[in-house]
Amino acid sequence: MAMNLENSLFSINLKAAAADWRDAIRLAGDGLVAAGVTTGDYTDQMIAAVEEHGPYIVIAPGIALAHARPSEAVLKGGLSWVSLKDPVNFGHAKNDPVTLVIGLAATDHTAHIEVLKALAGVLANKDLRGRLEAATTETEVRDLLKSLNTQ
Amino acid sequence: MKIVAVCGMGIGTSVLLKMNAEQVLRDLGVEGDVEAADIGVARGAAQSADIVLTSDELAGEIGEVPAKVIIIDNFVDMDEIKEKLSAAIE
């Protein structure tokens with residue numbers, strides 16, 4: 001089943017305050033937990049992934065794709081969206097500082113590929129990304145993402 | 001041409017890299033097989049690959065492999081992936 005990006009976004013938190021990268025990932029994890037996508041363990045696993053492998057989850061300038069392996073802590077596949085009030089550094093050589101953290105939870109290695117593809121399309125589109133970063137309400141973010149589906 | 005896209009977990013960044021690398025291969029008209037792998041299986045998979053795509057942080061963890069290791073900074077930037085991949089293929 002193909003998942004649509006906007007429908008897969010279970011939580012949106014805009015202009016949130018984070019003290020550091022752990023805090024920023026925690027906000028993305030809290031969004032997943034509140035929406036019933038994951039348990040709190042998944043948040044710890046996302047932080048542990050960066051502690052183990054470094055800040056490679058900062059996939060593009062300003063954007064972190066927080067995620068961990070599929071596990072029992074994932075109740076269903078989904079995404080959370082956190083834009084930060086003030087940018088935080090993840091320690092990435094090229095892509096710091098981060099202003100957008102996307103939490104990704106997947107039940108297996110393939111179910112979420114369509115969503116990732118759509119997300120990559122959004123993040124590579126500079127104009128759309130600029131409008132998403134300027135968005136101040138959840139409705140605005142959702143409308144912008146929906147507009148992509150009809151393009 | 002066998003390419004392995006490597007990330008820590010095998011579900012996020014490597015999948016993005018795999019999709020974008022496949023697109024680049026199509027654009028270049030090059031036949032190739034792109035596989036996404038987490039760092040654990042990547043060391044093995046990289047032994048039989050021609051090219052490994054990964055991030056700066058993970059390149060060091062892969063260690064010595066016969067494949068050409070290409071470091072990508074921006075995983076959604078098709079221009080960067082196209083430029084680095086085509087340079088490695090030629």
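This text follows the structure it describes.
No experiment lies behind these values; they were computed from the predicted model shown.

### Things to note about the pairing of strand β3 (residues 51-54) of chain B
Residues and elements named next belong to chain B. Judged by which residues are buried, β3 turns out to be covered on both faces: I51 and L53 on one side and V52 and T54 on the other are all buried. Alignment of strand β1 (residues 2-7) against β3, held across 3 bridges, turns out to be parallel. Within β3, the position partnered with I3 by the bridge is I51. Both β3 and strand β4 (residues 68-71) contribute to a ladder of 4 bridges, which runs parallel. Bridging across to β4, V52 finds its partner in V69. For the segment spanning β3, helix α3 (residues 56-62) and β4, crossover handedness is right-handed.

### A look at the packing of helix α4 (residues 113-124) of chain A against helix α5 (residues 126-134) of chain A
Residues and elements named next belong to chain A. Close contact between α4 and α5 brings their axes to 5 Å; oriented N to C, the two are set at 90°. With respect to α5, the axis of α4 lies roughly perpendicular. Counted together, V122, L123 and A124 of α4 and K126, L128, R129 and L132 of α5 form the full contact between these two elements. Here the residues of the contact of α4 with α5 sort into 5 nonpolar, no polar and 2 charged.

### Some remarks on α5 of chain A
Residue and element names in this part refer to chain A. For α5, the set of buried residues is L128, R129 and L132. Projected down its long axis, α5 carries its buried residues within an arc of 100°, all on one side. Turned more than 90 degrees away from the buried face of α5, the exposed residues are K126, D127 and A134. Where α5 starts, the residue carrying a side-chain oxygen 3.2 Å from the main-chain nitrogen of D127 turns out to be N125.

### With respect to unusual backbone geometry
Residue and element names in this part refer to chain A. For the bond from D96 to P97, the omega torsion is -10°, close enough to zero to count as cis. Secondary-structure assignment places P97 in the loop between β4 (78-88) and β5 (98-105). Positive phi, close to 55°, is recorded for K15, a residue that is not glycine. The residue K15 is located in strand β1 (residues 9-16) in this model.

### Regarding the sheet that holds β4 of chain B
Residue and element names in this part refer to chain B. Sheet architecture is open: 4 strands sit in the order β2-β1-β3-β4, paired in parallel fashion. Sheet topology places β2 (33-38) and β4 at the edges, where each strand pairs with a single neighbour. Averaged over all pairs of adjacent strands, the angle between strand axes in this sheet comes to 25°, irrespective of strand direction. Against the sheet, helix α1 (residues 13-28) makes contact with β1, β2 and β3, and its axis sits at roughly 170° relative to β2, the strand it touches most.

### Points about α1 of chain B
Residue and element names in this part refer to chain B. The end-to-end C-alpha distance of α1, which contains 16 residues, comes to 22 Å, matching closely the 22 Å that a straight helix rising 1.5 Å per residue would cover. Those residues of α1 not exposed but buried are T13, S14, V15, L16, L17, M19, N20, A21, V24 and L25. G29 sits one or two residues past α1 and shows a positive phi near 70°.

Procedures and definitions
- Residues numbered from 1 in each chain as written.
- Chains lettered and ligands numbered in written order.
- Predicted model: local features only at pLDDT ≥ 70, side-chain atom pairs only at ≥ 80, totals over all residues.
- Heavy atoms only, no water.
- Buried < 20%, exposed > 50% of the residue type's maximum accessible area, 1.4 Å probe, protein only.
- Helix = DSSP H or I, 4+ residues; strand = E, 2+ residues; numbered from the N terminus.
- Pairing = 2+ DSSP bridges.
- Right-handed = clockwise from strand over helix to strand, strands pointing away.
- Axes fitted to C-alpha atoms, helices over the stretch in contact; angles between N-to-C directions.
- Parallel < 35°, antiparallel > 145°, perpendicular 65-115°, else oblique.
- Contact = heavy atoms within 4.5 Å.
- Nonpolar A, V, L, I, M, F, W, Y, C, P; charged D, E, K, R; others polar.
- Arc of directions from axis to C-beta.
- Polar contact = N/O pair within 3.5 Å; in protein donor to acceptor, adjacent residues only side chain to side chain.
- Expected span 1.5 Å × (residues − 1).

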